[in-house]
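One letter stands for each residue in the lines below.
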Number of protein chains: 2
Amino acid sequence: MNIEMIRAAAARLTGHARRTPLLSSPFLDEIAGRRVWVKAESLQHTGSFKFRGGWSALSALGDEARRRGVIAYSSGNHAQGVAAAAREHGAPAVIVMPQDAPAVKIANTRALGAEVVLYDRVGGDSREAIGGAIAAERELTLIKPYDEPQVIAGQGTAGLEIAAQAAEVGVRRADVLVCCGGGGLSAGIALALEAEAPELRVRTAEPEGFDDTARSLRAGRMVANEAPSGSLCDAILTPEPGALTFPILRRLAGPGLCVSDDEALRAMALAFARLGLVLEPGGAVALAAALLRRDEIEGDDVIAVATGANVDPALYARMLHTHGQSPARTGH
Amino acid sequence: MNIEMIRAAAARLTGHARRTPLLSSPFLDEIAGRRVWVKAESLQHTGSFKFRGGWSALSALGDEARRRGVIAYSSGNHAQGVAAAAREHGAPAVIVMPQDAPAVKIANTRALGAEVVLYDRVGGDSREAIGGAIAAERELTLIKPYDEPQVIAGQGTAGLEIAAQAAEVGVRRADVLVCCGGGGLSAGIALALEAEAPELRVRTAEPEGFDDTARSLRAGRMVANEAPSGSLCDAILTPEPGALTFPILRRLAGPGLCVSDDEALRAMALAFARLGLVLEPGGAVALAAALLRRDEIEGDDVIAVATGANVDPALYARMLHTHGQSPARTGH
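Residues numbered from 1 in each chain as written. Chains lettered and ligands numbered in written order. Predicted model: local features only at pLDDT ≥ 70, side-chain atom pairs only at ≥ 80, totals over all residues. Heavy atoms only, no water.

### Re the domain arrangement of chain A
Residue and element names in this part refer to chain A.
Moving on, step 1. When cut into domains, chain A gives domain 1 (3-49 + 148-323) and domain 2 (51-142).
Moving on, step 2. At the interface, 27 residues of domain 1 touch 14 residues of domain 2.
Moving on, step 3. Between domain 1 and domain 2, a total of about 1,500 Å² is buried, with carbon and sulfur atoms accounting for 53% of that surface.
Moving on, step 4. In terms of surface lost to domain 2, no three residues of domain 1 exceed Arg12, His16 and Thr46, which account for 33% of the buried area on that side.
Moving on, step 5. Along the contact surface separating domain 1 from domain 2 lie two salt bridges.
Moving on, step 6. Listed by contribution, the elements that provide at least two residues to the side of domain 1 that touches domain 2 are α1 (3-13) and α8 (149-168).
Moving on, step 7. At eight residues, α8 tops the list of elements feeding residues into the side of domain 1 that touches domain 2.
Moving on, step 8. Per-class residue counts for the side of domain 1 that touches domain 2 are eight nonpolar, 11 polar and eight charged. (Domains from an automatic or database assignment. Contact = heavy atoms within 4.5 Å. Buried area = accessible area lost by both parts, 1.4 Å probe. Salt bridge = Lys/Arg side-chain N within 4 Å of Asp/Glu carboxyl O. Helix = DSSP H or I, 4+ residues; strand = E, 2+ residues; numbered from the N terminus. Nonpolar A, V, L, I, M, F, W, Y, C, P; charged D, E, K, R; others polar.)

Next up, the structure:
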């Protein structure tokens with residue numbers, strides 16, 4: 001895992017992934033007590049940064065492997081990133097999803113051209129057993145969501161953009177807060193910044209109760225979460241840091257940050273009112289930390305990566321009811 | 001009013017206005033029956049394209065006039081665009097607003113550094129009389145919302161970007177649908193495209209009952225709307241086309257398009273689900289026309305300008321309740 005892999009991934013992604021904008025608002029600056037820059041990966045294809053990793057992995061395959069196809073386990077953003085990238089590569093994609101996943105997520109993944117294989121999560125089916133049998137029979141390549149070098153390389157291309165965009169707006173030194181599940185995006189960005197903008201330092205942002213990376217960084221070894229679920233931030237609930245990603249973060253990342261679900265909702269409301277961005281809870285934790293953890297951050301600038309927009313409309317409407325009126329509504 | 005003014009405005013806006021992205025989604029393409037490209041001016045500073053015109057006008061002033069300051073009448077997006085541009089130029093700004101405007105809009109305009117002067121719309125105060133007296137006394141420059149060459153030039157810079165971005169994605173020929181109130185943005189984009197991408201043709205998009213531009217284009221002369229209000233699309237309700245903008249549109253624009261409020265809400269829901277973009281009703285009518293008027297549009301591609309994001313959270317939540325579930329929710 002090195003910067004050359006990220007640069008190579010960036011070359012493969014050119015013209016396919018979006019260079020997402022770096023946004024800001026004086027109203028957010030005022031809340032944070034410093035300048036806040038938001039890297040809007042929620043505007044990436046499929047509504048999250050996962051398209052970068054999916055494209056990187058697909059485009060790194062040999063022709064033969066690509067022709068046979070790929071497989072992924074996910075009912076979320078990784079599924080869609082892989083499905084969309086596979087379709088554009090003309091590669092078959094099998095996505096193994098729990099049969100109790102929302103019908104519309106299943107429909108969407110199918111609409112992106114993937115073959116969806118359902119398993120009975122509640123009844124005790126093993127998705128690895130089901131997926132493994134299909135992968136073996138059809139010689140599919142498994143694309144893991146974060147512990148996969150080409151996926152980390154793909155996510156790291158966001159870091160190359162952050163380095164360039166920070167320079168464009170005159171920011172040389174800042175904390176770069178990244179919403180963190182398994183750590184693929186955080187690790188990729190950390191490697192990119194180490195090479196391109198070493199005074200920009202990655203710090204992970206996680207939801208309360210799922211701050212395995214923050215605790216692991218403090219402990220100096222991998223520590224797992226106690227609960228498997230129980231946060232609104234569904235996109236970034238992973239049991240523990242990745243085996244590939246954690247050593248990178250341990251070497252390069254600053255102390256991890258942690259916010260509550262309610263703070264994530266507040267950040268979503270502020271992104272709505274001040275940036276015109278739809279964010280999902282797990283995609284808003286870095287912005288929440290940038291805005292609401294001012295005493296844990298140093299310097300005149302902070303960069304927050306907004307990682308995803310795939311949120312249930314009913315949840316979003318509830319968020320607007322509970323948090324939409326507190327930040328002044330228009331303006332930006 | 002000519003292309004050189006737009007190019008000069010673009011030079012003045014460089015590094016200040018955002019180059020907003022051109023977004024797309026296969027799900028939108030499927031609805032529209034062709035490729036749909038969304039120019040996301042809702043991500044511009046202050047949440048609408050109006051910042052361009054405000055900046056263009058402020059930056060075109062001489063030092064002396066800028067020192068004295070500017071005045072604008074508006075409780076909406078133009079107010080904020082002018083206020084933000086004036087603040088960054090160190091110029092005093094007076095915004096004349098009705099005293100029954102939402103408190104939060106008044107607070108926001110003040111927070112952007114403007115001096116807000118309230119008038120009693122219901123009691124019959126004339127904002128022109130009040131504003132005119134202040135302007136005369138303090139020698140302020142009036143910045144009109146659309147019938148103002150430097151404002152049209154500023155809005156036209158979005159057209160230069162559309163020409164470049166369409167070329168980047170390989171689109172040479174398409175209708176460019178623009179949400180239209182007084183026509184400043186439509187006219188500016190039309191002039192820019194005439195010079196830079198003559199096979200991209202501007203077409204205005206308006207709400208039902210407020211299609212003065214479409215009817216004027218059909219009639220070959222300026223025709224006014226019957227009602228002064230009565231649409232959700234508050235940002236683009238103007239009594240009739242502008243005296244400067246209409247001749248430009250008459251020469252360059254194709255037939256105007258018109259959508260219902262309900263169709264604007266549908267487009268807002270699709271922008272939420274498929275693009276991660278917050279749009280206000282008046283900022284969504286061009287996208288609504290692109291998606292829902294397929295028989296009135298020709299060609300393989302259509303470009304829709306999404307013009308604003310400043311929407312009341314309660315209205316947005318209602319939109320999600322009524323329209324949020326019909327488009328499949330995640331995916332993009």
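### So, the UniProt feature "domain: Tryptophan synthase beta chain-like PALP" (unreviewed entry) in chain A
Moving on, step 1. UniProt records the feature "domain: Tryptophan synthase beta chain-like PALP" (unreviewed entry) for residues 14-308 of chain A in the present numbering.
Moving on, step 2. Within the segment residues 14-308 of chain A, helix and strand shares are 45% and 16% respectively, and the terminal C-alpha atoms sit 20 Å apart. (UniProt positions renumbered as here; feature names shortened; annotations may be inferred.)

### Considering the confidence of the model for chain A
Moving on, step 1. Summing up the model confidence of chain A, the mean pLDDT is 94 and the portion of residues at 70 or higher is 98%.
Moving on, step 2. The low-confidence segment residues 327-332 of chain A (pLDDT under 50) makes 40 contacts with residues lying over four places distant or belonging to another chain. (pLDDT = per-residue confidence, 0-100.)

### A word on the packing of aromatic side chains
Both the distance between ring centres and the angle between the ring planes are used here to describe each pair of aromatic rings.
Moving on, step 1. Applying the stated criterion across every chain yields a total of seven aromatic pairs over all chains.
Moving on, step 2. Taking 5.0 Å as the distance between ring centres and 65° as the angle between the ring planes, the aromatic pair formed by Phe272(A) and Tyr316(B) counts as edge-to-face. Placement of Phe272(A) in helix α12 (residues 261-275) and of Tyr316(B) in helix α14 (residues 313-323) is noted, with the two residues assigned to different chains.
Moving on, step 3. A network of ring pairs unites the aromatic residues Phe272(A), Tyr316(A), Phe272(B) and Tyr316(B) as a single cluster.
Moving on, step 4. The ring centre of Phe27(A) lies 3.7 Å from the NZ or CZ of Arg274(A), which sits over that ring. (Phe/Tyr/Trp six-rings, centres within 6.5 Å; stacked < 30°, edge-to-face > 60°. Lys NZ or Arg CZ within 6 Å of the ring centre and 35° of its normal.)

### Structural notes on the sheet that holds strand β1 (residues 22-23) of chain B
Residues and elements named next belong to chain B.
Moving on, step 1. Strand order in the open sheet formed by six strands is β1-β2-β10-β7-β8-β9, with mixed pairing between adjacent strands. Looking at strand neighbours, the two that pair on one side only are β1 and β9 (257-259), the edges of this open sheet.
Moving on, step 2. Bridge count between strand β7 (residues 174-179) and strand β10 (residues 301-306): four bridges; the pairing is parallel. By the bridge assignment for β10, aspartate 175 is matched with valine 302. (Pairing = 2+ DSSP bridges.)

### Quick word on the interface of chain A and chain B
Moving on, step 1. Listed by partner, the interface residues are 41 residues for chain A and 41 residues for chain B.
Moving on, step 2. Surface buried jointly by chain A and chain B totals about 3,600 Å² across both partners, of which 62% is contributed by carbon and sulfur atoms.
Moving on, step 3. Linking chain A to chain B there are zero salt bridges.
Moving on, step 4. Looking at the side of chain A that touches chain B, the elements that each hand over two or more residues are β1 (22-23), α2 (26-32), α5 (77-88), α6 (103-111), α12 and α14 (313-323) of chain A.
Moving on, step 5. Of the residues in the side of chain A that touches chain B, the class split is 21 nonpolar, 14 polar and six charged.

### Observations concerning the sheet that holds strand β4 (residues 93-98) of chain A
Residue and element names in this part refer to chain A.
Moving on, step 1. Strand order in the open sheet formed by four strands is β5-β4-β3-β6, and the pairing between neighbours is parallel. On the outer flanks of this sheet lie β5 (115-119) and β6 (141-142), each paired with one strand and no other.
Moving on, step 2. Alignment of β4 against β5, held across five bridges, turns out to be parallel. Note on β5: the bridge partner recorded for isoleucine 95 is valine 116.
Moving on, step 3. Set on the sheet, α5 makes contact with β3 (70-73) and β4; between it and β3 the angle comes to about 165°.
Moving on, step 4. Relative to the sheet, α6 contacts β4 and β5, its axis offset from that of β4 by approximately 175°. (Axes fitted to C-alpha atoms, helices over the stretch in contact; angles between N-to-C directions.)

### Concerning the side chain of Ser74(A)
All names here are of chain A.
Moving on, step 1. Along the chain, serine 74 turns up in the loop between β3 and α5.
Moving on, step 2. On the basis of relative accessible area, serine 74 is assigned to the buried category, the value being 11%.
Moving on, step 3. The residues touching serine 74, leaving out its near neighbours within four places in the chain, are Ala79, Ile95, Val96, Met97 and Arg127. (Buried < 20%, exposed > 50% of the residue type's maximum accessible area, 1.4 Å probe, protein only.)

### With respect to the relation of the copies chain A and chain B
Relating one copy of the chain to the other requires a rotation about an axis plus a shift along that axis.
Moving on, step 1. Its rotation angle being 180°, the transformation that places chain A on chain B also includes 0.0 Å of axial translation and leaves an RMSD of 0.0 Å. Such values leave the two copies arranged in the relation of a two-fold axis. Using C-alpha coordinates, one finds that chain A approaches the rotation axis most closely at Ala317(A), a distance of 2.2 Å.
Moving on, step 2. When you check the interface residues of chain A against chain B, 100% turn up at the interface there too, and the contact is symmetric in its surfaces. (Least-squares fit on C-alpha atoms with pLDDT ≥ 70 in both.)

### Looking at the pattern of salt bridges
Moving on, step 1. The full count for this structure, using the stated rule, is 38 salt bridges over all chains.
Moving on, step 2. Arg293(A) is the partner of Glu296(A) in a salt bridge, and the nearest nitrogen-oxygen pair spans 3.6 Å.
Moving on, step 3. Assessed through its relative accessible area of 15%, Arg293(A) is described here as buried.
Moving on, step 4. Across the pair Lys39(B) and Glu161(B) runs a salt bridge, and its minimum N-O distance is 2.6 Å.

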